[in-house]
Amino acid sequence: MIVILRFFDFFFFVLGKIVAPFYSYYANRPRKPLPALNEPEILTLSATSLAEKIRTKVLTSEQVVKAFVERCQQVNGQVNAIFEDRFEEAIKDARNADRFIQSYEKSVEELAKEKPLMGVPITFKECLMVKGSSYTSAVPSRKGIKADVDGDAVAALRNAGAIPIAVTNLPKLSGCLETYNDMIGYTSNPYDPNLTSGGSSGGEAALISAAGSVIGVGSDYDGSIRIPSHFCGIFGHKPTQGIVSQTGHLPSSPDDVWQKRNSIGPMCRYAEDLKLTLAIMTGEKNASSLNLYANVNLSELKIYYMLDRGFKITEESVDPDIKKAILKAAEHLRSTYKSSVQKIQIAEMDDTSEMWMAHDALIEDFDSITMSMEDPLLDEDDSSVIKELLKFFMNKDRFALDRLMAEWYMAVDRPLLTGTKIHLYMLEAKKLTKRLKKLLKEDGVLFYPTSGCLACYQMQLFWKGASLDYAAIVNILGFPATHVPMGLNKNGIPVGFQVIAAPNQDRLCFAVAEELQKAFGGWKPPPMIS
C-alpha cells in the first residue's frame, strides 16, 4: 500500500513539474495594487483598540463600521472575498450599539468585561451560521438558503458586541486547497491577484489582509485557517481540539474523529486580537481551562524548531524564505530573552499523509459528508477521476477541481487503506501525540512550516498538495497552532510559519505571536495606490 501511495505522490509531483511552465504566463500579468486606505486612522487599528475607542466614545461604532463597509466596497472587486454582505444591517446594528453605549450606566471597565467587542465589525466564513445571512457552504443546490439562527461561535461574538458585516468566500463544503466555487468564483490574493489566497478560509484571509475586515472566523480541518493566513500574510489560529463549539458549521458530523479534526478559530491582522477573540468563542467554562490571560515568561520558554519534515523525493523542499523566517524568529528569542532554542527532527512527521488518510477512513459517514450535498443536477455517472481530470486540463470546467480531489480520494486513496494499515497509522499518531506532549509540556513551543511553499499561482497549489501536510499534522494531533506572518520576501510575497503548543497551551502560541509581531512587524500591507 505504501509503495502505491508513494507512486501516486511521485506521479503528481512529476506532473506538477511538467505543467509548471504553463503557469509562466501569470508572471507577465501586471499586479494591480489595491486602492489606498480610505480611513487609515480606523482601518489600521486592532479590534482590541477599536473596541476601547468605541466604548470610551473616542470613535462611534457607526464611524468604524462605515469605514470597513467602504473598504470592502473598494477592494472586493479585486479580491472577490465576500460571498454575501450585510452592510445595511451592519450600519443599523452600529447605530444601536452607539445608543447602547450612550445609555450604559455602569463603568467603562464593566462594559469592557460584559461586551468586549461592542460595536466592532467582524466577518465570518460562509459555512458558519450567521442569522439572516447566506448559509450554503458553496453548494449550488443550497443557493438562497439563509441561516435562521447564529451558530455557537457566532452567537458568542455577537453577544460580546461584535457586528457581522459579511460572510466570506470558500470552496464547496470547505473541501479544497484553493478558494473558488461555481457560485461566485475565485478569491484572489491581495498581494498579487495572480496568486491563490489558499483554502478553505481564503475569503476571510484575503479580506482581512486587504483591510476590509479587522477580525474574522474561519474553520480548519487540515490547515484551512493557517494556510490562507500564511498565503495572505495575517495571523490565524487553530485552537486546541474541542475547545470551540462546532455547532453551526456546515458540513459537520457527530463522528468523534471529525469533531477532533475540525476546528473553528480566529483570523486577524494584529496578534493581540487572537487572545480576545478566542476567549469569547470558547465560553467561560472552556476559557478557564486555557488560562489565556496567564503571564508567559518568554525567558523560560523552550523553543524547538524543525525546518522541514525530512527529504522526500515526492515533494519539493520547504521554501528557503520559510526556513530563514524560522531561524530568524528562534534567534530573536534566544538573543533577546535567553530562551532555550533547540533544533529537532521527528521522524514520525514524515508519515503525515498516511496518518490523516487513516483518520479520514475511520469517519463512518465520510461519504455523506463530502457527497450528500452535491449538486443534484450532476449525474452520478458523470463523476469520475479521468473525466474530471480531462475537464480540468481542457479548461471545460474551471471549478471541477474540488470534485476531482474528492473523487480521487474516494476512488483511489481510501480503498488502499486496509484495516491493518489504519490501525498502524492510528497507533503512530498516538505515539507522536504522546511524544510531543512530553516534549512541549507547559513551557515549550515548536516552530514548524505552515506549508512547504509560499503563495503560488492560481490552481498551481494542486500539484503541491504534499507540502500542506505541515499544517494537517496539527489537526491529527489536536494541538493548538498559530500562523505568524514574518514579513514579505524579495518578490513581495508573505512569509511566515506556525507556532505549535501542547493541548490547552494556546496562550504560549499567542505570547510568541505578539512578541514576533513587535520584533518583525507582523502583517505588512499589500501593494496599494499611493
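Nothing here was measured: the structure is a model prediction, and the numbers come from that model. (Residues numbered from 1 in each chain as written. Predicted model: local features only at pLDDT ≥ 70, side-chain atom pairs only at ≥ 80, totals over all residues. Heavy atoms only, no water.)

Visitor: With reference to specific residues and values, describe the packing of helix α3 (residues 47-55) against helix α11 (residues 272-290).
Guide: One way to put it is that α3 packs onto α11 with a least axis distance of 8 Å and a crossing angle of 70°. With respect to α11, the element α3 is oriented roughly perpendicular. Where α3 approaches α11, its residues A47, T48 and S49 are matched on the opposing element by E272, D273 and L276. Along the lines of polarity and charge, the residues of the contact of α3 with α11 split into 2 nonpolar, 2 polar and 2 charged. (Axes fitted to C-alpha atoms, helices over the stretch in contact; angles between N-to-C directions. Helix = DSSP H or I, 4+ residues; strand = E, 2+ residues; numbered from the N terminus. Parallel < 35°, antiparallel > 145°, perpendicular 65-115°, else oblique. Contact = heavy atoms within 4.5 Å. Nonpolar A, V, L, I, M, F, W, Y, C, P; charged D, E, K, R; others polar.)

Visitor: How would you summarise the packing of aromatic side chains if you had to cite specific residues and measurements?
Guide: Going through the model one piece at a time under the given rule, you end up with 6 aromatic pairs. Taking 5.0 Å as the distance between ring centres and 35° as the angle between the ring planes, the aromatic pair formed by Y221 and W258 counts as tilted. Here W258 lies in helix α10 (residues 256-261) and Y221 lies in the loop between β8 (215-220) and α9 (226-232), a separation of 37 residues in the sequence. Overall, the relative accessible area of 14% leaves Y221 in the buried class. Seen in terms of ring centroids, F447 and F497 are 4.9 Å apart; in terms of plane orientation they differ by 45°. Their pairing is tilted. Linking F447 in strand β13 (residues 444-448) with F497 in strand β15 (residues 494-501), this pair joins segments that are 50 residues apart in sequence. (Phe/Tyr/Trp six-rings, centres within 6.5 Å; stacked < 30°, edge-to-face > 60°. Buried < 20%, exposed > 50% of the residue type's maximum accessible area, 1.4 Å probe, protein only.)

Visitor: Account for the pairing of β15, naming residues and giving values.
Guide: Taking burial as the measure, the 8 residues of β15 include 8 buried ones, the bulk of the element. When β13 meets β15, the two strands line up antiparallel, connected through 4 bridges. Residue L446 lies in a different strand from β15, and its bridge partner there is I500. What sits between strand β14 (residues 481-488) and β15 in their antiparallel hairpin is a turn of 5 residues, with G492 showing a positive phi close to 80°. (Pairing = 2+ DSSP bridges.)

Visitor: Describe helix α12 (residues 320-337), with residues and values.
Guide: Its 18 residues give α12 an end-to-end C-alpha distance of 26 Å, which sits within 8% of 26 Å, the value for a rise of 1.5 Å per residue. Of all the residues in α12, the buried ones are I322, A325, I326, A329, A330, H332 and L333. All buried residues of α12 fall inside an arc of 150° around its axis, so they share one side. Away from the buried face of α12 by more than 90 degrees, exposed residues P320 and K324 are located. Two or three places before D321, at the start of α12, stands the capping residue D319, its side-chain oxygen 2.8 Å from that residue's backbone nitrogen. (Expected span 1.5 Å × (residues − 1). Arc of directions from axis to C-beta. Polar contact = N/O pair within 3.5 Å; in protein donor to acceptor, adjacent residues only side chain to side chain.)

Visitor: Describe in detail helix α17 (residues 419-440), supporting the description with residues and values.
Guide: A rise of 1.5 Å per residue sets the reference length of α17, with its 22 residues, at 32 Å; its end C-alpha atoms lie 32 Å apart and thus fit the reference within 8%. Within α17, the full set of buried residues consists of I422, Y425, M426, E428, A429, L432, T433, L436 and L440. The buried residues of α17 occupy one face: seen down the axis, they fall within an arc of 155°. Exposed residues lying more than 90 degrees from the buried face of α17 are G419, T420, H423, K430, K431, K434 and K438. Positive phi shows up at K441, right after α17, with a value of about 50°.

Visitor: Now, about the pattern of salt bridges: what can you tell me, with residues and values included?
Guide: Under the criterion given, the structure shown has 17 salt bridges. A salt bridge links E84 to K146; the nearest nitrogen and oxygen atoms lie 2.4 Å apart. In this pair, E84 is assigned in strand β1 (residues 82-85) and K146 in the loop between β2 (121-125) and α7 (152-159), connecting sequence segments 62 residues apart. With a relative accessible area of 42%, K146 lands in the partly exposed category. In this structure, R334 engages E331 in a salt bridge whose closest nitrogen and oxygen atoms are separated by 2.6 Å. Of this pair, R334 and E331 both sit in helix α12, 3 residues apart, which is roughly one turn of that helix. Given the relative accessible area of 37%, E331 is considered partly exposed. (Salt bridge = Lys/Arg side-chain N within 4 Å of Asp/Glu carboxyl O.)

Visitor: Describe the confidence of the model for the chain, and please don't skip the residues or the numbers.
Guide: When pLDDT is averaged along the chain, the result is 90, and 88% of the positions lie at 70 or above. This model gives residues 375-383 a pLDDT under 50, and the stretch forms 11 contacts once residues within four places in sequence are excluded. (pLDDT = per-residue confidence, 0-100.)

Visitor: Can you tell me about the sheet that holds strand β9 (residues 235-238), naming the residues and giving the values?
Guide: Read across the sheet, 11 strands follow the order β1-β3-β2-β8-β10-β9-β14-β15-β13-β11-β12 without closing on themselves; strand pairing throughout is mixed. In this open sheet, the two edge strands, each paired with only one partner strand, are β1 and β12 (340-343). Direction aside, the axes of adjacent strands within the sheet are offset by 25° on average. Examined bridge by bridge, β8 and strand β10 (residues 263-268) share 6 bridges and lie antiparallel to one another. Directly across from V217, in β10, lies its bridge partner P266. Against the sheet, α17 contacts β11 (302-305), β13 and β15, and its axis sits at roughly 120° relative to β13.

Visitor: Before we move on, could you go through the environment of V154 and cite the residues and values that matter?
Guide: You can see V154 is positioned in helix α7. You can call V154 buried: its relative accessible area is 2%. Taking C-alpha positions, V154 is 7.1 Å from M129, a pair spaced 25 residues apart along the chain.

Visitor: For the environment of T352, give the residues involved together with the corresponding values.
Guide: Take T352: it is sitting in helix α13 (residues 352-361). Sequence separation between T352 and L468 is 116 residues; the distance between their C-alpha atoms is 9.8 Å.

Visitor: Explain the packing of α12 against helix α19 (residues 506-520) to me, and be specific about the residues and the numbers.
Guide: Orientation of α12 relative to α19, taken along the N-to-C sense of each, is 95°, at an axis distance of 11 Å. Considering their axes alone, α12 and α19 lie roughly perpendicular with respect to each other. Note on element contacts: α19 touches α12 through V512, E515, L516, A519 and F520, opposite K328, A329, H332, L333 and Y337. Considering only residue class, the contact of α12 with α19 consists of 7 nonpolar, 1 polar and 2 charged.

Visitor: Describe unusual backbone geometry, and please don't skip the residues or the numbers.
Guide: For the bond from G199 to S200, the omega torsion is 10°, close enough to zero to count as cis. Mapped onto the fold, S200 is located in the loop between β7 (192-196) and α8 (202-209). Of note, the bond from L250 into P251 is cis; its omega dihedral lies within 30 degrees of zero at 5°. For P251, the position within the fold is in the loop between β9 and α10. The phi torsion at S137 lies on the positive side, around 55°, for a residue other than glycine. Residue position: S137 is located in the loop between β2 and α7. On the basis of relative accessible area, S137 is assigned to the buried category, the value being 0%. Phi at L173 is positive, roughly 55°, even though this residue is not glycine.

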